[in-house]
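What the coordinates show
Spelled out from the first residue to the last, the chains are:
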Amino acid sequence: MHGISVKEFLFWKKKQLSKGGDHQSFSFLLNCLGDISASDLNLISLNSDENLYLKKNLDFLESVWDDHLLKSCPIQYLCGITFWRDLKLKVTNKVLIPRPETELLVDIVFSIFRNKTEKLFFAELGTGSGAISIALALAYPLSDGLATDIDPDALEIATKNFINSSKQSNLKFFCGNWWSPLESFKGELDLAISNPPYIPRDTYEKLPKEVKNFEPKVALLGGEDGLKHIREIIKKAPLFLREKGWLILENHFDQSEKVKQLLAKNKFTSIEIVKDLSGIGRFTIGRYK
Ligand SMILES: C[S@@+](CC[C@H](N)C(=O)[O-])C[C@H]1O[C@@H](n2cnc3c(N)ncnc32)[C@H](O)[C@@H]1O
């Protein structure tokens, strides 16, 4: 640990924030690499005669902060971790940083399957860091989950995240294109979930550089109209879901009506658009027959 006076630390902190960046990212850096939480920071401002102890020295923290400001690299990648729901997840630039709005997808599952001792059989297509699947596998300990991704590097991270989050063994990882690694589970799934790449090409080209230059293109780009992957997932879902099985999809802010039509065309019922906390139709859900 590196001990410094509170006065020295506050002076240093002011200097860092005067260079740019937002307070939230700076607190994230201090929390992850310095082991100083936002509440620790509030307390020390009131006790400025004390010393405080950081896991890394100020020069190291400053070099990471400078990297973040100069290259616009997301602070989560530089720190190598992110927080999502109650999980602490390893992230590298091989996986999308799981977004706060996606947390709601897990709550949608909770509202459909209320009994946490249920023996659910679920699959997540495009697991990335593993966030959604890990949250579900932990919440439903008697369930069995299958998590897929096209990128083996992403699956390696998801597997590590599962091992670090739990001692459970109810989640398995498969590499391949959407449903193809799950051929042997046809007609068996109670639930399939996906937050697929859904950004239309035009929008992708204009994404902010902290997203476009760092987050994997394969995790974001959904073809010309953004619906390429969603179409493929919906079309084959009836082969893999059991009768009355659920499909829950995250989509772009303006895609819900189109996704709803695709579900109806493929014989889904109980179709519903679920809004996120900003009132955007972010999720589209349905039941196979
Ligand atoms: C938007 S990210 C979602 C990641 C994670 N589930 C989340 O919500 O944070 C989409 C994921 O789908 C994966 N993916 C892209 N194309 C795929 C394909 N054809 N088959 C399977 N997975 C694919 C990407 O590698 C990426 O991890």
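Please refer to the structure placed before this passage.
A brief structural summary. Every chain begins its residue count from 1, and numbering advances along the sequence as written. Selection of residues for local features in this predicted model requires a pLDDT of at least 70, selection of side-chain atom pairs for listing and counting requires 80 or more, and totals for whole chains, interfaces and linings are taken over all residues. Just so you know, side-chain values use all the structure's heavy atoms and leave hydrogens and water out.

One requirement defines pairing of two strands: DSSP has to find at least two bridges between them. Working definition: helices are DSSP H or I runs of at least four residues, strands are E runs of at least two. Numbering for both runs from the N terminus. The sheet built from seven strands is open, its strands ordered S7-S6-S5-S8-S9-S11-S10 with mixed pairing. A single partner strand is all that each edge strand has here, and the edge strands are strand S7 (171-175) and strand S10 (268-275). Between one strand and the next, the sheet's axes are offset by a mean angle of 15 degrees, whatever the strand orientation. Seen against the sheet, helix H11 (residues 228-240) touches strand S5 (121-125), strand S8 (189-194), strand S9 (241-250), S10 and strand S11 (281-288) and runs at an angle of roughly 160 degrees to S9. Only heavy atoms enter the contact rule, under which two residues are in contact if any of them lie within 4.5 Å. Working convention: axes come from line fits to C-alpha atoms, limited for helices to the stretch in contact. Angles between N-to-C directions cover 0 to 180 degrees. In the packing of helix H12 (residues 256-265) onto the sheet, contacts are made with S9, S10 and S11, and the angle to S11 comes to roughly 10 degrees.

A few words on the pattern of salt bridges. Each salt bridge in this description consists of a side-chain nitrogen of Lys or Arg and a carboxyl oxygen of Asp or Glu lying within 4 Å of one another. Under the definition given, this model contains 14 salt bridges. One salt bridge in this structure joins Glu 62 and Lys 15, with 3.4 Å as the shortest N-O distance. Within this pair, whereas Glu 62 is found in helix H4 (residues 58-71), its partner Lys 15 is found in helix H1 (residues 6-18), the two being separated by 47 residues in sequence. Type-normalised accessible area, obtained with a 1.4 Å probe on protein chains alone, sets the label of each residue: buried when under 20%, exposed when over 50%, and partly exposed for intermediate values. The exposure class of Glu 62 is buried, given its relative accessible area of 14%. Given a relative accessible area of 41%, Lys 15 falls into the partly exposed group. We note a salt bridge from Lys 71 to Asp 67, for which the minimum N-O separation is 3.2 Å. You can see Lys 71 and its partner Asp 67 sitting in helix H4, four residues apart, about one turn around the helix. Owing to a relative accessible area of 27%, Asp 67 belongs among the partly exposed residues under this scheme.

Taken together, 18 residues are adjacent to the ligand, and Glu 124, Gly 126, Asp 149, Asn 177 and Asn 195 come closest. Pairing of N or O atoms within 3.5 Å defines a polar contact, subject to two protein rules: one partner must be a possible hydrogen donor and the other a possible acceptor, and residues neighboring in sequence count only if both atoms are side-chain atoms. One of the backbone N or O atoms of Gly 128 is found 3.4 Å from an oxygen atom in the ligand. Gly 176 places a polar main-chain atom, nitrogen or oxygen, 3.5 Å from a nitrogen atom of the ligand. When the free accessible area of the ligand is taken as 590 Å², the share hidden by the protein chains comes to 96%. Looking at the shell around the ligand, its residues break down into nine nonpolar, seven polar and two charged. A cutoff of 4 Å decides nearness: a residue is near a molecule or strand if any of its heavy atoms lies inside that distance of it. All accessible areas in this document rest on Shrake-Rupley with a 1.4 Å probe, and a residue is counted as covered only by the protein chains that are shown. Polar here means any residue outside two lists: the nonpolar Ala, Val, Leu, Ile, Met, Phe, Trp, Tyr, Cys and Pro, and the charged Asp, Glu, Lys and Arg; Gly therefore counts as polar.

Moving on, we come to the environment of Gln 261. Within the secondary structure, Gln 261 is located in helix H12. Exposure remark for Gln 261: the relative accessible area of 54% places this residue in the exposed category.

The N-to-C vectors of helix H2 (residues 23-34) and H4 enclose an angle of 140 degrees; their axes lie 11 Å apart at closest approach. In terms of orientation, H2 lies oblique with respect to H4. The handedness of the crossing between H2 and H4 comes out as right-handed. Listed contacts from H4 to Ser 25, Phe 26, Leu 29, Leu 30, Leu 33 and Gly 34 of H2 are Phe 60, Leu 61, Val 64, Trp 65 and His 68. Across the contact of H2 with H4, the residue classes break down as eight nonpolar, three polar and no charged. Roughly parallel here means an angle under 35 degrees, roughly antiparallel means over 145, roughly perpendicular means 65 to 115, and every remaining angle is called oblique. Throughout, a crossing is termed right-handed when the near helix is turned clockwise from the far one, and left-handed when it is turned anticlockwise from it by less than a right angle.

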